[in-house]
Amino acid sequence: MKTGTQSKNDKEKYIEIRLSVNVDHVASVREARKEKEPDPVHAAVLAKIGGADGITVHLRKDRRHIKERDVKMIKEVVDLPLTVEMGLFEDILDFVLEVKPEKVTLVPERQGEVTTEGGIDLKPENAQKEVEKFAKALQEKGIKVGAFIDADEKFTEIAKEIGLDFVEINTTQYAKNPHNFNIVRKIEEVAKYASEKGLEVMAGHALSVTNVSKIAQIIYIEELSIGFSIVARAVFIGFEQAVREMKDEITKARLLAISSMGNFKIS
Ligand code: PXP
């Protein structure tokens, strides 16, 4: 067990935290009137100018916000890693295999849900087989594949066994109870466990500029996926500025965690 003062390398390893900006709800506004504006491609360009490290889109079965055209154009126009979130649907798989984003996050998708309702349940054997089938097809094209999971070590173990590259830990429960220390501690434990297993660790869902700090301070988390709250802020302060504000908050939180690593227990 390593405790006490950490080496410079430990600090360098944990200093980076990326922000992938989800532009789905820019498309939701467009679809409210079936117009051409606002364009999520435009938002993705502004996200890059505002300091985003990646762009995320969720191509839903019902295509209620993001469409194939958006995914293709963002991939072509915006020079940032693209993550596509998708449910386990064969037709979407075929499309994503053509577009070849950098990453795919497999999510559970229930028809009619307002947003993703929880992590994918990897415990049943048939779910594992299905996820593995999708992951293999994507990985053969050089796409990194992960699963959106609730904060439970068992899911990270299964993710590793199946051969996934990363997990994204669901932060919804935390966002609903931001002062509940046990929830933050659980996310940290699962993030650490996943990281030690050699998985990349992401987190996201329902994070905002007012609650993101505690999650960004978890040094094992390498990337945050944030959408709705950035789009909501953008209505008042502009998209580029809303991204910059979030990126600054995340960077500040991580620097705070790193600066206190002298007393930090790493493993
Ligand atoms: N991660 C996953 C798996 C999601 O489904 C979503 C919503 O599309 C997000 C992160 C981003 O959540 P929010 O829009 O609440 O920031």
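Residues numbered from 1 in each chain as written. Predicted model: local features only at pLDDT ≥ 70, side-chain atom pairs only at ≥ 80, totals over all residues. Heavy atoms only, no water.

Applying the stated criterion across every chain yields a total of 30 salt bridges. Where Lys133 meets Glu130, a salt bridge forms, and the shortest distance between an N and an O atom there is 3.7 Å. Note that Lys133 and Glu130 are positioned in helix H6 (residues 125-139) at a spacing of 3 residues, about one turn of the helix. On the accessibility criterion, Glu130 (28% relative accessible area) is partly exposed. Of the charged contacts in the structure, one is a salt bridge between Glu132 and Lys136, with a shortest N-O distance of 3.2 Å. (Salt bridge = Lys/Arg side-chain N within 4 Å of Asp/Glu carboxyl O. Helix = DSSP H or I, 4+ residues; strand = E, 2+ residues; numbered from the N terminus. Buried < 20%, exposed > 50% of the residue type's maximum accessible area, 1.4 Å probe, protein only.)

Quick look at the pairing of strand S5 (residues 144-149) now. Within S5, 5 of the 6 residues are buried, which leaves the element mostly enclosed by the surrounding structure. One ladder, built from 4 bridges, connects strand S4 (residues 103-106) with S5; its direction is parallel. Looking across to S5, one finds that Val104 is bridged to Val145. In this fold, the crossover linking S4 to S5 by way of H6 has right-handed handedness. In this view, the connection linking S5 to its parallel neighbour strand S6 (residues 166-170) by way of helix H7 (residues 153-162) has right-handed handedness. (Pairing = 2+ DSSP bridges. Right-handed = clockwise from strand over helix to strand, strands pointing away.)

Further remarks concern the pairing of strand S3 (residues 82-86). The buried fraction of S3 is high, at 5 of 5 residues. In S3, alternate side chains face the same way, and those of Leu82, Val84 and Met86 on one face and Thr83 and Glu85 on the other are all buried. Across 4 bridges, the pairing between strand S2 (residues 54-58) and S3 is parallel. When the sheet's bridge partners are listed, His58 is paired in S3 with Glu85. A crossover links S2 with its parallel partner S3, the connecting element being helix H4 (residues 68-77), and its sense is right-handed. As defined by bridge partners, S3 adjoins S4 across 4 bridges and the pair is classed as parallel.

Another point: the confidence of the model for the protein chain. Averaged over all residues, the pLDDT of the protein chain equals 94, while 94% of them reach at least 70. When the criterion is pLDDT under 50, residues 1-5 qualifies, and its contacts beyond four places in sequence or with other chains add up to 11 contacts. (pLDDT = per-residue confidence, 0-100. Contact = heavy atoms within 4.5 Å.)

Another aspect to go through is the nonpolar core. The tendency in soluble globular proteins is for nonpolar side chains to be buried as a group. With 80 residues, the main nonpolar core has Leu122, Leu224 and Phe239 as its most contacted residues. With sequence-adjacent residues up to four places away left out, Leu122 is seen in contact with Gln128, Val131, Ala147, Ile149, Phe155, Ile158, Ala159 and Ile162. (Core = buried A, V, L, I, M, F, W, Y, C linked by side-chain atoms within 4.5 Å.)

Let us look at the side chain of Glu200. When you line up the elements, Glu200 lands in strand S7 (residues 200-204). For Glu200, a relative accessible area of 15% puts it in the buried group. At 3.1 Å, the side chain of Glu200 forms a polar contact with the side chain of Arg18. Apart from the residues within four sequence positions on either side, Glu200 is in contact with Arg18, Lys103, Lys144, Asp165, Phe166, Val167 and Glu222. (Polar contact = N/O pair within 3.5 Å; in protein donor to acceptor, adjacent residues only side chain to side chain.)

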